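Architecture at a glance
Okay, here's what each chain looks like letter by letter:
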Amino acid sequence: MRQYQAGRAYAEQRDREDRLARVRERFYTKEGQIYMDGNSLGLCSQDAEAAVLRAVSDWKQYGIGIWTGAPTNYFLYHDVIGEKIARLIHARPEEVTVCGNTTLNVHQCIATFWKPTATKYRILIDNLNFPTDRYAVTSQVRTRGMDPEDVIKVVESGDGKTLSEEEIIAAMTEDVALVLLPSVLYRSAQLLDLARLTKAAHARGIVIGFDLCHSIGNVDHDLEKIDCDFALWCNYKYLSGGPGAVAGLYINRRHFGREPGLSGWWGNRKDTQFELRNRFEHAENAGGWQTGTGSVLSMAAIDGALEVYRDLDMADVREKSLDLTAYLMYLIETELSGYGFTIGNPREDAVRGGHVALEHPEAARINEALKAADVVPDFRYPNVIRLAPVPLYVRYQDVYDLVARLKTIMETKAYEQYENKAGTVA
């Protein structure tokens, strides 16, 4: 069991002992600012910047020749980057690619793996996942001329914060054909047992996939052991691949013989792609689920950002993340008692992602006061301030100072000058 101590000196000592402390200097941090929003957009790294500038330089030098004439293999860039990401999630390189965005990849996976029959046709989702996944699922159902009210089966949360894995498994009835769930819930930070859910789905002949947006780069996933059918994610949160970065896609190798639900020329076999035949020849790896030409400049940022992980062990990243969030919860409970805060995320390591869900009736205005105090959090309706101490660049002393600034805000009631509602981008 972790034991923490009061006072800033303890936080500074933990930073001196931190094996990941050397990584922080590779990111662009601001003096005095406490950045706690890496679960929405990770900070820019020097490596990402250098890779983008290199790609721009190659474009200037090579023109159209950039695809095959530059030192970087831009023609197969999605494979190059996919191999780097595969190491972080314990997948095979050929099972991972980068393409599109999260929503388009949900469309791709539903179009590929949902094969409804008269008796097995329903799609099982939950009511707490980030809504873009549900939007895409609903759209896919309507595209097939079917009724979303009939097809989509929703597992409801009992407490509005977390999901019951027992209830999810119980909902895997004979009429369910496909399951799509989040790995980590974006509000409450609950981490689901992906291996358990996959095993249950496969035992019932159900295809299952996961949205890893709020866990990849922070949770030490092992997709080889989990053995789900597909997974998808964005690359701009913990992986720090840049705003609106090209997204990621995992296709289990046992499905390489399937035709993509959404085909495009960049998913064609590379040896015949530029023969421009009218018959699509599916590349039998994750890259075969590519559609159009990828954004090289965006992929370059991801490529560079992943350099930070080259000599890191994901187990160490995960351990520091758990320790930082546990330390944050300790400080909240010891320093902010009496101010009306509650912690809305699970406490146990095995079921907690990488952020703390701090709840308060005045959360929106407190969130604004934090920003005025040079803290970068984010707000999620109805009453959650999300605080994500990303282990690559957040220090223990940052966590301590965050709570100290928050305590001052509550003592002085500085939050009362703000409306209790969030801005356009919360």
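Quick note: structure is the one above.
What you are looking at is a predicted structure, and each value in this text was computed from that prediction instead of being measured.

Cut-offs and rules
Residues numbered from 1 in each chain as written. Predicted model: local features only at pLDDT ≥ 70, side-chain atom pairs only at ≥ 80, totals over all residues. Heavy atoms only, no water. Helix = DSSP H or I, 4+ residues; strand = E, 2+ residues; numbered from the N terminus. Rg over C-alpha atoms; globule rule 2.2 N^0.38 Å. Buried < 20%, exposed > 50% of the residue type's maximum accessible area, 1.4 Å probe, protein only. Contact = heavy atoms within 4.5 Å. Areas by Shrake-Rupley, 256 points an atom, 1.4 Å probe, with all protein chains shown as cover. Lys, Arg positive; Asp, Glu negative; His and termini not counted. Charge placed at Lys NZ, Arg CZ, Asp CG, Glu CD. Salt bridge = Lys/Arg side-chain N within 4 Å of Asp/Glu carboxyl O. Pairing = 2+ DSSP bridges. Axes fitted to C-alpha atoms, helices over the stretch in contact; angles between N-to-C directions.

**Some points on the overall build of the protein**
Regarding its fold elements, the protein presents 14 helices and 13 strands. For a compact globule of 426 residues, the expected C-alpha radius of gyration is about 22 Å, and the protein comes in at 22 Å, within 12% of that figure. Here the C-alpha coordinates of the protein stretch approximately 70 × 55 × 40 Å along the principal axes. Looking at the protein as a whole, 56% of its 426 residues are labelled buried. Taking the contacts inside the protein whose residues are at least 6 apart along the sequence as the reference set, 73% of them involve residues at least 24 apart. Here the protein has roughly 18000 Å² of accessible surface; of this, 50% comes from carbon and sulfur atoms. Once the 49 positive and 59 negative side-chain charges of the protein are each reduced to a mean point, those two points are 1 Å apart.

**Let's talk about the pattern of salt bridges**
Note on pairing: side chains with opposite charge can pair once their charged atoms come close. The tally for this structure, following the rule as stated, stands at 35 salt bridges. In this structure, the salt-bridge partner of Glu307 is Arg310, at a minimum N-O distance of 2.8 Å. Look at Arg310 and you get exposed, because its relative accessible area is 55%. Salt bridges linked by common partners bring Arg2, Arg14, Glu17, Glu319, Asp323, Asp349 and Arg352 together as one network.

**Looking at the sheet that holds strand 12 (residues 378–380)**
Note on sheets: strands pair through backbone hydrogen bonds, and any given pair is parallel or antiparallel. Here we have 4 strands laid out as an open sheet, ordered 9-10-13-12, and antiparallel in their pairing. Either end of the sheet is taken by a strand with one partner, and the two such strands are strand 9 (342–343) and strand 12. The pairing of strand 9 with strand 10 (residues 356–359) spans 2 bridges and is antiparallel. Within the sheet, the bridge partner assigned to Thr342 lies in strand 10 and is Glu359. The sheet contacts of helix 12 (residues 314–335) involve strand 9, strand 10 and strand 13 (384–387), and relative to strand 10 the element is tilted by about 20°. Against the sheet, helix 13 (residues 363–372) engages strand 12 and strand 13, with an angle of about 35° to strand 13.

**Here's the deal with the sheet that holds strand 5 (residues 176–182)**
Across the sheet, 7 strands lie side by side as 2-8-7-6-5-3-4; this open sheet has mixed pairing. Bordering the open sheet on either side are strand 2 (96–98) and strand 4 (152–155), each of which pairs with just one other strand. Neighbour-to-neighbour, the strand axes of the sheet open up by a mean angle of 20°, direction not taken into account. Where strand 7 (residues 230–233) meets strand 8 (residues 248–251), 4 bridges bridge the pair, whose relative direction is antiparallel. Residue pairing in the sheet places Trp233 in a bridge with Gly248 of strand 8.

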